[in-house]
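The lines below spell out each chain.
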Amino acid sequence: MGTRLPLVLRQLRRPPHPPGPPLRLRVPCRASSGGGGGGGGGSGSREDLLGQRRLLDGQARSSRSPGGRTPAARDSIVREVIQNSKEVLSLLQEKNPAFKPVLAIIQAGDDNLMQEINQNLAEETGLNITHICLPPDSSEAEIIDEILKINEDTRVHGLALQISENLFSNKVLNALKPEKDVDGVTDINLGKLVRGDAHECFVSPVAKAVIELLEKSVGVNLDGKKILVVGAYGSLEAALQCLFQRKGSMTMSQWKTSQLQRKLHEADIVVLGSPKPEEIPLTWMQPGTTVLNCSHDFLSGKVGCGSPRIHFGGLIEEDDVSLLAAALRIQNMVSSGRRWLREQQHRRWRLHCLKLQPLSPVPSDIEISRGQTPKAVDVLAKEIGLLADEIEIYGKSKAKVRLSVLERLKNQADGKYVLVAGITPTPLGEGKSTVTIGLVQALTAHLNVNSFACLRQPSQGPTFGVKGGAAGGGYAQVIPMEEFNLHLTGDIHAITAANNLLAAAIDTRILHENTQTDKALYNRLVPLVNGVREFSEIQLARLKKLGINKTDPSTLTEEEVSKFARLDINPSTITWQRVLDTNDRFLRKITIGQGNTEKGYSRQAQFDIAVASEIMAVLALTDSLADMKARLGRMVVASDKSGQPVTADDLGVTGALTVLMKDAIKPNLMQTLEGTPVFVHAGPFANIAHGNSSVLADKIALKLVGEEGFVVTEAGFGADIGMEKFFNIKCRASGLVPNVVVLVATVRALKMHGGGPSVTAGVPLKKEYTEENIQLVADGCCNLQKQIQIAQLFGVPVVVALNVFKTDTRAEVDLVCELAKRAGAFDAVPCYHWSVGGKGSVDLARAVREAASKRSRFQFLYDVQLPVVDKIRTIAQAVYGAKDIELSPEAQAKIDRYTQQGFGNLPICMAKTHLSLSHQPDRKGVPRDFILPISDVRASIGAGFIYPLVGTMSTMPGLPTRPCFYDIDLDTKTEQVKGLF
């Protein structure tokens, strides 16, 4: 037993202190002034709530004089409660060493005796305690405001009120979260107690203390006893009556009743809940009656008038109840902490899935999306185990998830990791997103397995161009689809702003260096402000990089000034382009700087589509805010005239880029048509970037689903493109190991690879695709077999998902599944999620679960320490099937430069057409014996890869003759979007 509990017991043996100044702790509780004013002298703005919640460890200086005696039985009960609580907490902390529950007490007034008792008991047990002290005249609204703040503070596990009785309104009491209501005063906790579910609720510590003292201290058998509870009101009255009745006692609770005298005479036990009125004589109580006095404001701790010092059969005073109630509150706190820990552990979600009522024929995607009402996103977040302070809500159906959840769940085991890839697609796409969504709908809504889909955010370029949106389709969609496809939460806009700020910084720096002397340039870069000249933090970092170990701007030599001020960017080496999230072919090559104000400095440049920006790749591959800032700073934008790389750090723009991206780094939470969770985050193209959603979304989802759950993420285009980059780039960055590859195929695409007519977006399909043709399917399965083999290079089992269209025949479907299994697929399953939702992918879900139970033998395709040319050749030969590679002189020169600059050990991100395994889009099936031409090589140093350009690859798509925007419109009366697909 520690030193705190005996101290408390000694204090309570002393008589009440005489009138005078209130007791003070060595670290006194600071009360804020009325009306929300500041602390201290009552002026200034109110401090942050946490600033007021001091963990008190001071010992009170009691002014009570010695005297009085506390029954040994009561001391024993208190010791037992505290010791049991201490042992339970110790067991919890064995598995969770950093866990220490926090009890918050909102106090209005200056009763520091109860404050000290709470503090000492908490310390004896091993809890933290914090007081929020308000003025005695605080209003109901001020009390509720503090309660609501504590409710949302995830560091606090219990909340108690020490306020005057007149403030205990239903509005105040029910503002408490029931799960933090360790005094059992909310209607929900009382209702559970009355219903008999005491193990599921918190019971009033005062009411429990009354029962404990009567049974253990006085030794009363309560069964059949007549108990008169007088002067207790509200939650205390309800809790006392309920507990006594459970013990077989008969209770009545009134001061003012015509039968009070008779009831007092008949009572075996009298419980005083408030001071006895003067008009009631003591002679109404019979000698021998057991009297228990809890006649103080049971939560405020303010001692009332007390009981008269008369001889009854047993007299239990208010101090006895107060101390034991404080100990039982600590016991409730430990229970609250245990429940909280249990909630953090893996559990099967109690997810309310949305019901589908599929129609035939299947309506348009937007009609289906609009026909389903999504759950409120905060409800979804709670269902999957996110805390209220871990989400930032955007509207009704979207929320950003804060990265703090990773720290909270760091000890949680990851779920199974599933990648959805595809065969070489037609220009129409083969439904990887639809399969991804159908699979998670099947897992969660139909098999009751925790699962998360992680998708890329679509670019608005294709949405208004040819391809349309990317929310899935039919009855396997992310909803609302118009919010998914248009703007979402603004991440791509943030990337565009950051990218173009850096582009502006490059050209502006060249202009100023061309038009100013070293001294003038230096004076503007490090200006005199209010008589003081200082380097900024990022400028100090540049000095360190240059080997200049000085911090005083006035001490640099002329040579150092020139070295610091001039980046000497070689304009011909600039690789950083401006971006726009619109397909605009006329921005593929432009001339900038034609205005007179640019003083003759102009150069050829270009725009890329926004999702091709290296900042998008950084967002997709980063694992923390600090890592993102470091990656942004490392981005190489050009070389200087001596051939050394120039970075965003050198330009001094890293901090500003991080500010623009600080919200974009948080994954976006949405839901499927069946109410299962989806993360939508990052959207790099797979042909001109690495084509995968973010590492952070995957990592958070893997923690949320738990060890038995599944995270299903999608890689862009065919397995030769998106899947290869997922394994060699994304898995290297994340350290995550995939369990299964789901390879999506369609009869349509296989017929194309078997020699069918060309497929063009916007042009009706030829009859070969709408009528049964077994031979075309059989011939085209060579591409499927090749993609299975590519996945097997990485040691991951493959499940083929045949996305079935209404024109596919049973014979065609059976043939594909049979040939896929012969080629080495773990299983091959036809899927019908587009027409019926998750129910149509249950067989796929079962196959994936079975495949994931097998041991993964995952391996990378190449060692990053190999020379750049060897890594490119390995991908070309092992994945694409090329005979060899051919480097242009420019590509070879770039490789030599990047190697000399120290970037040769980065992984490779091939920029290649997605329409063929080769570099020629028209070569279908499995091309052989081709030479893969590498026309150029670029470096994304911040993202962390080298990307060779295969053939002619455009990084800015163009619009077709009839873009999708012809069909997109807004109903100005309903504000509903029309025409998206």
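Residues numbered from 1 in each chain as written. Predicted model: local features only at pLDDT ≥ 70, side-chain atom pairs only at ≥ 80, totals over all residues. Heavy atoms only, no water.

**Looking at the overall build of the protein chain**
(1) Moving on: The number of helices and strands found in the protein chain is 35 helices and 34 strands.
(2) Moving on: Looking at the protein chain as a whole, 57% of its 981 residues are labelled buried.
(3) Moving on: For the protein chain, contacts bridging at least 24 residues in sequence account for 75% of all contacts bridging at least 6.
(4) Moving on: Carbon and sulfur atoms form 51% of the exposed surface of the protein chain, whose accessible area is close to 40,200 Å². (Helix = DSSP H or I, 4+ residues; strand = E, 2+ residues; numbered from the N terminus. Buried < 20%, exposed > 50% of the residue type's maximum accessible area, 1.4 Å probe, protein only. Contact = heavy atoms within 4.5 Å. Areas by Shrake-Rupley, 256 points an atom, 1.4 Å probe, with all protein chains shown as cover.)

**Comments concerning the environment of Ala421**
(1) Moving on: Structurally, the position occupied by Ala421 is in strand S12 (residues 416-422).
(2) Moving on: Residue Ala421 is classed as buried on the basis of its relative accessible area of 0%.
(3) Moving on: Separated by 293 residues in the primary sequence, Ala421 and Glu714 have C-alpha atoms spaced 6.2 Å apart.
(4) Moving on: Ignoring any residue separated from it by four or fewer positions in sequence, one finds Ala421 in contact with Lys432, Ala715, Ala719, Met723, Val742, Leu743 and Val744.

**A short note on the sheet that holds strand S30 (residues 884-887)**
(1) Moving on: Taken in spatial order, the three strands of this open sheet run S30-S31-S32, and their pairing is mixed. One side of each edge strand has no neighbouring strand; the edge strands of this open sheet are S30 and strand S32 (945-950). The mean inter-strand angle of the sheet, taken between neighbouring strand axes irrespective of direction, is 50°.
(2) Moving on: Note: strand S31 (residues 931-940) against S32, six bridges, orientation antiparallel. Looking at the pairing, Ser940 lines up with Phe945 of S32.
(3) Moving on: The strands that helix H34 (residues 868-880) touches are S30, S31 and S32; relative to S30, the one it contacts most, it runs at about 135°. (Pairing = 2+ DSSP bridges. Axes fitted to C-alpha atoms, helices over the stretch in contact; angles between N-to-C directions.)

**Here's the deal with the pattern of salt bridges**
(1) Moving on: Evaluated as defined, the whole model comprises 43 salt bridges.
(2) Moving on: Lys666 is the partner of Glu392 in a salt bridge, and the nearest nitrogen-oxygen pair spans 2.9 Å. Placement of Glu392 in strand S10 (residues 391-394) and of Lys666 in the loop between helix H25 (654-661) and strand S24 (668-672) is noted, with a sequence separation of 274 residues between them. A single burial state applies to Glu392 and to Lys666, both of which are buried. (Salt bridge = Lys/Arg side-chain N within 4 Å of Asp/Glu carboxyl O.)

**So, the pairing of strand S2 (residues 102-108)**
(1) Moving on: Counting buried positions along S2 gives seven out of seven residues, so the element sits mostly inside the fold.
(2) Moving on: By the alternation rule, side chains of S2 split into Val102, Ala104, Ile106 and Ala108 and Leu103, Ile105 and Gln107, which are all buried.
(3) Moving on: Sheet topology note: the S2/strand S3 (residues 128-134) ladder contains seven bridges and is parallel. Across the sheet, the residue bridging to Leu103 is Ile129, located in S3.
(4) Moving on: Here S2 runs beside strand S4 (residues 158-162); their pairing, made up of five bridges, is parallel. From the neighbouring strand, Leu103 faces S4, where its bridge partner is Gly158.

**Focus: unusual backbone geometry**
Apart from glycine, the bulk of residues carry a negative phi angle, and the bulk of peptide bonds sit in the trans form.
(1) Moving on: In this structure, the amide linkage connecting Ser360 to the following residue, Pro361, adopts the cis form with an omega of 0°.
(2) Moving on: In this fold, Pro361 is placed in the loop between helix H11 (318-344) and helix H12 (365-371).
(3) Moving on: Cis geometry is adopted by the peptide bond preceding Pro480, which originates at Ile479 and carries an omega value of -10°.
(4) Moving on: A positive phi angle is found at Asp568, which is not glycine, with a value near 50°.
(5) Moving on: By the element assignment, Asp568 lies in the loop between helix H21 (558-565) and strand S18 (578-580).

**Points about helix H8 (residues 205-217)**
(1) Moving on: Taken residue by residue, H8 has Pro205, Val206, Ala207, Ala209, Val210, Ile211, Leu213 and Leu214 as its buried positions.
(2) Moving on: Trailing H8 by a residue or two, Gly219 shows a phi angle of about 80°, which is positive.

**Re the pairing of S12**
(1) Moving on: Within S12, six of the seven residues are buried, leaving the element largely enclosed by the surrounding structure.
(2) Moving on: In this structure, S12 lies alongside strand S26 (residues 710-714), joined through five bridges in parallel fashion. In the sheet register, Lys416 faces S26, and the bridge partner there is Phe710.
(3) Moving on: Across five bridges, the pairing between S12 and strand S27 (residues 740-745) is parallel. Bridge pairing links Val418 to Val740 in S27.

**Looking at the packing of aromatic side chains**
(1) Moving on: Counting across every chain of the model gives 13 aromatic pairs.
(2) Moving on: Pairing Phe726 with Phe727 gives two aromatic rings, centres 5.5 Å apart and planes at 70°, and the pair type is edge-to-face.
(3) Moving on: By relative accessible area, Phe726 is classed as buried at 0%.
(4) Moving on: Through a chain of ring-to-ring contacts, the aromatic side chains of Tyr417, Phe726, Phe727, Phe794, Phe858 and Phe860 assemble into a single cluster.
(5) Moving on: Across the ring face of Phe860, the terminal group of Arg732 is positioned such that the distance to the ring centre comes to 4.2 Å.
(6) Moving on: Over the ring of Tyr880 we find Lys912, and its NZ or CZ is 4.8 Å from the ring centre. (Phe/Tyr/Trp six-rings, centres within 6.5 Å; stacked < 30°, edge-to-face > 60°. Lys NZ or Arg CZ within 6 Å of the ring centre and 35° of its normal.)

**Observations concerning the state of the cysteines**
(1) Moving on: Per the counting criterion, the structure on display carries zero disulfides.
(2) Moving on: Between Cys201, a free cysteine, and Cys242, which holds the nearest cysteine sulfur, the sulfur-to-sulfur gap is 8.7 Å.
(3) Moving on: Judged by its relative accessible area of 4%, Cys201 is buried. (Disulfide = S-S within 2.5 Å.)

**Here's the deal with the environment of Leu702**
(1) Moving on: Turning to its location among the elements, Leu702 is positioned in helix H26 (residues 695-705).
(2) Moving on: According to the relative accessible area criterion, Leu702 is buried, its value standing at 2%.
(3) Moving on: Taking C-alpha positions, Leu702 is 10.0 Å from Leu406, a pair spaced 296 residues apart along the chain.
(4) Moving on: In this structure Leu702 touches Ala413, Asp414, Gly415, Lys416, Tyr417, Val711 and Leu736, once residues within four positions along its chain are discounted.

**Brief notes about the packing of helix H7 (residues 187-195) against helix H9 (residues 234-246)**
Packed helices, taken two at a time, are described by the angle between their axes plus the distance between the axes.
(1) Moving on: At a minimum axis distance of 10 Å, the contact between H7 and H9 shows a crossing angle of 15°. Accordingly, the angle class assigned to the pair H7 and H9 is roughly parallel. Seen along the crossing, H7 lies across H9 with a hand that is left-handed. Here H7 contributes Leu190, Leu193, Val194 and Arg195 to the contact with H9, which in turn contributes Ser235, Ala238, Ala239, Cys242, Leu243 and Arg246.
(2) Moving on: Within the contact of H7 with H9, the residues separate by chemical class into seven nonpolar, one polar and two charged. (Parallel < 35°, antiparallel > 145°, perpendicular 65-115°, else oblique. Left-handed = near helix turned anticlockwise from the far one by under 90°. Nonpolar A, V, L, I, M, F, W, Y, C, P; charged D, E, K, R; others polar.)

**Observations concerning a nonpolar patch on the surface**
(1) Moving on: On the surface, Leu959, Phe965 and Tyr966 cluster together to form a nonpolar patch covering roughly 290 Å² of accessible area.
(2) Moving on: By the secondary structure assignment, Tyr966 is in the loop between S32 and strand S33 (969-970).
(3) Moving on: For Tyr966, a relative accessible area of 52% puts it in the exposed group. (Patch = residues over 30% accessible without salt bridge, like charges linked within 9 Å, V, L, I, M, F, W, Y side chains within 5 Å.)

**Observations regarding the packing of helix H23 (residues 625-634) against H25**
(1) Moving on: Relative to each other, H23 and H25 sit at 130°, their axes nearing to 9 Å. Taken together, the axes of H23 and H25 are oblique relative to one another. Of the two elements, H23 crosses H25, and the hand of that crossing is right-handed. Facing H23, whose interface residues are Met628, Lys629, Leu632 and Gly633, H25 presents Thr654, Leu657, Thr658 and Met661.

**Here's the deal with the side chain of Asp808**
(1) Moving on: Mapped onto the elements, Asp808 comes out in the loop between strand S28 (798-803) and helix H31 (810-822).
(2) Moving on: In this structure, Asp808 is buried with no salt-bridge partner, the nearest side chain bearing the opposite charge being Lys751 at 5.8 Å.
(3) Moving on: At a separation of 2.8 Å, a polar atom in the side chain of Asp808 contacts the main-chain amide nitrogen of Phe805. (Lys, Arg positive; Asp, Glu negative; His and termini not counted. Polar contact = N/O pair within 3.5 Å; in protein donor to acceptor, adjacent residues only side chain to side chain.)

**Some points on the side chain of Ser336**
(1) Moving on: In this structure, Ser336 sits in helix H11.
(2) Moving on: By relative accessible area, which is 4% here, Ser336 ends up buried.

**A short note on the environment of Arg246**
(1) Moving on: Relative to the helices and strands, Arg246 is located in helix H9.
(2) Moving on: Considering only alpha carbons, one finds Arg246 and Gly196, 50 residues apart in sequence, at a separation of 9.2 Å.
(3) Moving on: In contact with Arg246, not counting residues within four places along its chain, are Leu193, Val194, Arg195 and Gly196.

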